[in-house]
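# Descriptive analysis of the structure
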Amino acid sequence: MADRLAFTKGHGTENDFVLVPDLDGTVGLSPARAAALADRRAGVGGDGVIRVVRTAAADEADVRETADRAEWFMDYRNADGSLAEMCGNGTRVFAEYLRREGLAAGDAVVVATRRGPVEVRSDGDGWAVDLGPWALADPGTADRDGFDALVHVGADDPFSALSVDMGNPHTVVALPEGLDLDDLDLTRVPVVNPVPAHGTNVEVVRPIGPGHIALRVHERGVGETRSCGTGACAAAVATSFWAGALDTGSTWVVDVPGGRLRVRLLPDRGVELAGPAVLVADGMVDLATLPD
Ligand SMILES: N[C@H](CCC[C@H](N)C(=O)O)C(=O)O
């Protein structure tokens, strides 16, 4: 039995991940082991852990069924070890890893995810991926101003928000006039009402100009992160909805604390995320330091 585990550290606009190759699915990844790998002091450190596994060897049957469309499965875990359906920044880092390792060739690769296969294609010095279709909560629940939730961020009075489903859940807050993103206390989990059944990722968005927004994000299963790819898409969808411009194929520059992403709204509720992916380092973890 190998006593060490190979890993690669990577990030997309400083949303960072520990990639663990387990190509034939023989090692597995328990929630406790994922959380230990993500630990920034006793482990490698990251917002998430991504197991790189052949789709045919995935634990979930519905993922295995997509093996004819995608050879590799992005098995995404949050820093707390919880599963997530999708990770936008993670898909770009995953594609970069597959290309560097010679596990994929050419300018595009279809990646299996819990949300279904997505095509990640080379885009300038980064990657682009359609993370759609997005969905709003039952439009009937969005009041006349386009909000369907209230969010307490830190000690502030509640802010109005809109739920956006990107395969994973998002609650997008429109930062009230006169407040500054930098002043928000995102050290605690924002309190969302109605309480989302499976938790949610909370983005607080500020308009910068036409087709340009900035956001901070508190991620489900992590805490505040420097960037969230599905969150950038959710924020662009919500901002377009509030502007009554959802059907215009708009493009967005999304400034996140860790850098800049681009989002393009596509027909049929498609939404393309584009941005960088960096592989920072490779290493080995002593299995004796990890829980089973
Ligand atoms: N925390 C998220 C998953 C990671 C999403 C984010 N890192 C991205 O780039 O989309 C969730 O539990 O739904």
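Conventions used here
- Residues numbered from 1 in each chain as written.
- Predicted model: local features only at pLDDT ≥ 70, side-chain atom pairs only at ≥ 80, totals over all residues.
- Heavy atoms only, no water.
- Salt bridge = Lys/Arg side-chain N within 4 Å of Asp/Glu carboxyl O.
- Helix = DSSP H or I, 4+ residues; strand = E, 2+ residues; numbered from the N terminus.
- Buried < 20%, exposed > 50% of the residue type's maximum accessible area, 1.4 Å probe, protein only.
- Polar contact = N/O pair within 3.5 Å; in protein donor to acceptor, adjacent residues only side chain to side chain.
- Contact = heavy atoms within 4.5 Å.
- Near = heavy atom within 4 Å.
- Domains from an automatic or database assignment.
- Buried area = accessible area lost by both parts, 1.4 Å probe.

### Re the pattern of salt bridges
- According to the stated counting rule, one finds 24 salt bridges in the structure shown.
- Salt-bridge contacts for Arg-100 lead to Asp-282; the nearest nitrogen and oxygen are separated by 2.9 Å. Here Arg-100 is found in helix H3 (residues 88–100), whereas its partner Asp-282 is found in strand E19 (residues 278–286), with 182 residues between them in sequence.
- Overall, the relative accessible area of 49% leaves Asp-282 in the partly exposed class.
- Linking Arg-121 and Asp-123 is a salt bridge whose minimum nitrogen-to-oxygen distance equals 3.8 Å.
- When salt bridges that share partners are traced, they join Asp-22, Arg-51, Asp-59, Glu-60, Asp-75, Arg-77 and Arg-114 into one network.

### Topic: the side chain of Arg-33
- Its location among the elements puts Arg-33 in helix H1 (residues 31–38).
- Under the relative-accessibility criterion, Arg-33 is labelled buried at 9%.
- Among the polar contacts listed, one links the side chain of Arg-33 to the backbone oxygen of Pro-291, at a separation of 2.9 Å.
- When residues no more than four places from it in sequence are discounted, the contact partners of Arg-33 are Val-27, Leu-287, Leu-290, Pro-291 and Asp-292.

### So, the site of the ligand
- Close to the ligand lie 15 residues, the nearest being Asn-15, Gly-88, Glu-219, Gly-229 and Thr-230.
- Within the side chain of Asn-168, a nitrogen or oxygen atom sits 3.0 Å from an oxygen atom of the ligand.
- For the shell around the ligand, the secondary structure elements donating two or more residues are strand E4 (72–78), H3 and helix H4 (229–242).
- In terms of domain composition, the shell around the ligand takes at least three residues from each of domain 1 (4–125 + 277–289) and domain 2 (133–274).

### Digging into the domain arrangement of the protein
- Under the domain assignment, the protein is made up of domain 1 (4–125 + 277–289) and domain 2 (133–274).
- Contacts between the two partners involve 19 residues from domain 1, matched on the other side by 25 residues from domain 2.
- In total, about 1500 Å² of surface goes out of reach between domain 1 and domain 2, with carbon and sulfur atoms giving 41% of it.
- Among the residues of domain 1 in contact with domain 2, Thr-13, Glu-14 and Arg-115 are the three that bury the most area, contributing 33% of the side total.
- At the junction of domain 1 and domain 2, the tally comes to four salt bridges.
- Note that Arg-220 and Glu-85 form a salt bridge whose closest N and O atoms lie 2.7 Å from each other.

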